[in-house]
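Chain by chain, the residues run as shown.
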Amino acid sequence: MGIFSITVIFIISWWLIFFVTLPWGIHVPEKQEPGHATSAPAKPHLLIKAVVTTVISGSITGAIVWAAENDLFSFREMVQ
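First, a word on what this report is: a plain description of the structure on this page. Numbering of residues starts from 1 in every chain and runs along the sequence as written. Selection of residues for local features in this predicted model requires a pLDDT of at least 70, selection of side-chain atom pairs for listing and counting requires 80 or more, and totals for whole chains, interfaces and linings are taken over all residues. Derived side-chain values reflect all non-hydrogen atoms in the structure, with water molecules and hydrogen atoms excluded from consideration.

**Side note on helix H1 (residues 3-21)**
Working definition: helices are DSSP H or I runs of at least four residues, strands are E runs of at least two. Numbering for both runs from the N terminus. What a helix should span is 1.5 Å times the count of its residues minus one. For H1, spanning 19 residues, the distance from its first C-alpha to its last is 26 Å, which sits close to the expected 27 Å at 1.5 Å a residue. When a residue's accessible area, from a 1.4 Å probe over protein chains only, is under 20% of the maximum for its type it is buried; when over 50% it is exposed; and in between it is partly exposed. Here H1 has its buried residues at Ile-9, Ser-13, Trp-14, Ile-17, Phe-18 and Thr-21. One face of H1 carries all of its buried residues, which in axial projection span an arc of 155 degrees. Along H1, the residues that are exposed and aim more than 90 degrees away from the buried face are Phe-4, Leu-16 and Phe-19. Any two residues whose heavy atoms approach within 4.5 Å at even a single point are treated as in contact. Buried positions along H1 lie against helix H2 (46-69). By arc we mean the arc of the directions from the helix axis to the C-beta atoms, nothing more.

Now the structure itself:
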């Protein structure tokens, strides 16, 4: 598996996991400030979510690379 394939797998898994983690721990304030959306969170904790996302997607990428290197599956077509 090349570095390009590994990078693509990491980026795709990172964005998927990031969108999954975005709603975690969101609290909407009772009183909104003027000009803010009524659904805007008080503290979104984006840095924590980005770190958690990086760890999870790194683990997923590592598992996929390990599985591909150990021939559990292949991205290439079977040639006879």
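**Quick word on the packing of aromatic side chains**
Centre distance within 6.5 Å is the pairing criterion for rings of Phe, Tyr and Trp, where only the six-membered ring of Trp is used; planes under 30 degrees apart are then read as stacked, over 60 as edge-to-face, and the remainder as tilted. By the definition in use, this model includes 5 aromatic pairs. Between Phe-18 and Phe-19 the ring centres are 6.2 Å apart and the planes differ by 55 degrees, which places this aromatic pair in the tilted class. Residue classification places Phe-19 among the exposed residues on the basis of a relative accessible area of 53%.

**Quick notes on the packing of H1 against H2**
Orientation of H1 relative to H2, taken along the N-to-C sense of each, is 140 degrees, at an axis distance of 8 Å. Taken together, the axes of H1 and H2 lie oblique to each other. Crossing of H1 over H2 shows right-handed handedness. Facing H1, whose interface residues are Ile-6, Ile-9, Phe-10, Ser-13, Trp-14, Ile-17, Phe-18 and Thr-21, H2 presents Leu-46, Lys-49, Ala-50, Thr-53, Thr-54, Ile-56, Ser-57, Gly-58, Ile-60, Thr-61, Ile-64 and Val-65. All axes here are fitted lines through C-alpha atoms, helices being fitted over the stretch that makes contact, and every angle between N-to-C directions spans 0 to 180 degrees. When describing relative orientation, an angle under 35 degrees is termed roughly parallel and one over 145 degrees roughly antiparallel, while 65 to 115 degrees is termed roughly perpendicular and anything else oblique. Less than a right angle of anticlockwise turn of the near helix away from the far helix marks a crossing as left-handed, whereas a clockwise turn marks it as right-handed.

Fair warning: the whole summary comes from geometry, so function is off the table for now.
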